[in-house]
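Examining the three-dimensional arrangement
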Amino acid sequence: MIILLPPSESKTPHTHGDPLNLDQLSFPELTEDRSHMCDTLMEISARERGWEELGVSQRLAPEVERNTELFTASAGPAINTYTGVLYTALDADTVTHEDRLDAVFISSALFGVVNARDHIPAYRYTMTPKLATWWKKRLSPVLDDAWAAEVVVDCRSGTYRHAWPGANTLPVKVVTEADGVRKTVSHNAKHTRGLVARHLLNRDEQIPTTPEGVVDALEEAFTVEHDHPEITIVV
C-alpha cells in the first residue's frame, strides 16, 4: 500500500541539516527533471518581481526569495517540511508504526513526488495545470512501473491528481451530509484526509494490500462508501 498526499502551500524552514542533494531523493530517474525545475524556480525567484511571475502576492516575497537558496538552505524530512491542516491531523511524529512512513509519498510541483523521509528545503511553488501536464509526462512512466503492484490511497485533489492520475489509485473524497443533502468540503477534507493517513499508519493489523482491504481498514474509524475506484468518507 502507498499513501499519496498533496503538499501544502506553507512549509517549515529547517534550522539545521545538510542542504538539498537531489541524488538522495527517491526515484533517481527524476533527478534531471528535478534539477531543471530547481534551476528554473531559482532563476524566476531571483527576479525583481519574481513573486508576481509565480502567481503569489507581494506579501509572500520573502518566501519567494527563499527559493533562491534551494541548494544552500538546510533540508529536512519532507513530512516535517510540509505544514497545514492535513499534516497537523496526520501528526507524523507520533504515528505508532514509524516504519510505515516509507510508504508515504507527497506530490510536489518542484520535485514531482518525494518520500516522506526524503530531505528537502522549504520552498514556494504551486502546481499549475501547465506544470501538471509537464510532470505527467515524466511521472507516469516512473510511478506506473514502481507502483504497478500497489494499491495507492490517493489523498490528493485537483491539479496534483492531473500530474499523475494513476490507474490503480483510490481517490479519497470527503463529503458532509445534512438532511439527506451531501456537500463536498474543502478545508475539512484536508483534515479528514490527514486522519485517514494517520489511521492507516497507526493500526496494529497488517497493512492492507487490496482496495477492499483499505475500505475495511477505514471502516474501523470512518463512515465509508466505495464506488470503485473512489472512496467517499462521510463526515
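Just above, that's the structure.
Since we're looking at a predicted model, the values are computed, not measured.

Quick word on the pairing of strand 3 (residues 104-108)
Counting buried residues in strand 3 gives 5 out of 5 residues, a clear majority hidden from the surface. Because side chains alternate across strand 3, one face comprises the buried residues Val104, Ile106 and Ser108, and the other comprises Phe105 and Ser107, equally buried. Sheet analysis places strand 1 (residues 2-5) next to strand 3, joined by 3 bridges and oriented parallel. Within the sheet, the bridge partner assigned to Ile3 lies in strand 3 and is Val104. Bridge count for strand 3 against strand 4 (residues 112-115) is 4 bridges, and the pairing is antiparallel.

A closer look at the environment of Asp145
Secondary-structure assignment places Asp145 in helix 6 (residues 129-146). Assessed through its relative accessible area of 62%, Asp145 is described here as exposed. Along the sequence, Asp145 and Val104 sit 41 residues apart, while their C-alpha atoms lie 17 Å from each other.

What to know about the pairing of strand 8 (residues 181-184)
Here strand 7 (residues 169-178) runs beside strand 8; their pairing, made up of 4 bridges, is antiparallel. Bridging across to strand 8, Glu177 finds its partner in Arg182. Counting the residues in the hairpin turn of strand 7 and strand 8 gives 2 residues, including Asp179, whose phi is positive at 55°.

Focus on helix 1 (residues 31-45)
An ideal rise of 1.5 Å per residue puts 21 Å on 15 residues; helix 1 measures up with 21 Å between its terminal C-alpha atoms. The set of residues buried in helix 1 consists of Thr31, Asp33, Arg34, Met37, Cys38, Leu41, Met42, Ile44 and Ser45. The arc that holds every buried residue of helix 1, seen down its axis, measures 165°, which confines them to one face. Of the exposed residues in helix 1, the ones pointing more than 90 degrees away from its buried face are Glu32 and Glu43.

Focus on unusual backbone geometry
Leaving glycine out, the prevailing phi sign among residues is negative, and the prevailing peptide bond configuration is trans. Cis peptide bonds are those with omega within 30 degrees of zero, and the linkage from His228 to Pro229 qualifies with 0°. Its place among the elements puts Pro229 in the loop between strand 9 (223-227) and strand 10 (230-234). With a phi angle near 60°, Phe27 is a residue other than glycine that sits in the positive phi range. Mapping Phe27 onto the fold places it in the loop between strand 1 and helix 1.

Regarding the packing of aromatic side chains
Applying the stated criterion across every chain yields a total of 8 aromatic pairs. Seen from their ring centres, Trp134 and Trp135 are 5.0 Å apart, and the 85° between their planes marks the pair as edge-to-face. Chaining the aromatic ring pairs together yields one cluster made of Phe27, Phe105, Trp147 and Trp164. Over the face of the ring belonging to Tyr123 we find Lys11, whose NZ or CZ atom lies 4.3 Å from the ring centre. Sitting above the plane of the Trp134 ring, Arg138 keeps its charged end 3.7 Å from the centroid.

Reading the values: the criteria
Residues numbered from 1 in each chain as written. Predicted model: local features only at pLDDT ≥ 70, side-chain atom pairs only at ≥ 80, totals over all residues. Heavy atoms only, no water. Buried < 20%, exposed > 50% of the residue type's maximum accessible area, 1.4 Å probe, protein only. Helix = DSSP H or I, 4+ residues; strand = E, 2+ residues; numbered from the N terminus. Pairing = 2+ DSSP bridges. Expected span 1.5 Å × (residues − 1). Arc of directions from axis to C-beta. Phe/Tyr/Trp six-rings, centres within 6.5 Å; stacked < 30°, edge-to-face > 60°. Lys NZ or Arg CZ within 6 Å of the ring centre and 35° of its normal.

Interpretation note: all reported values are geometric properties and have no functional meaning in isolation.
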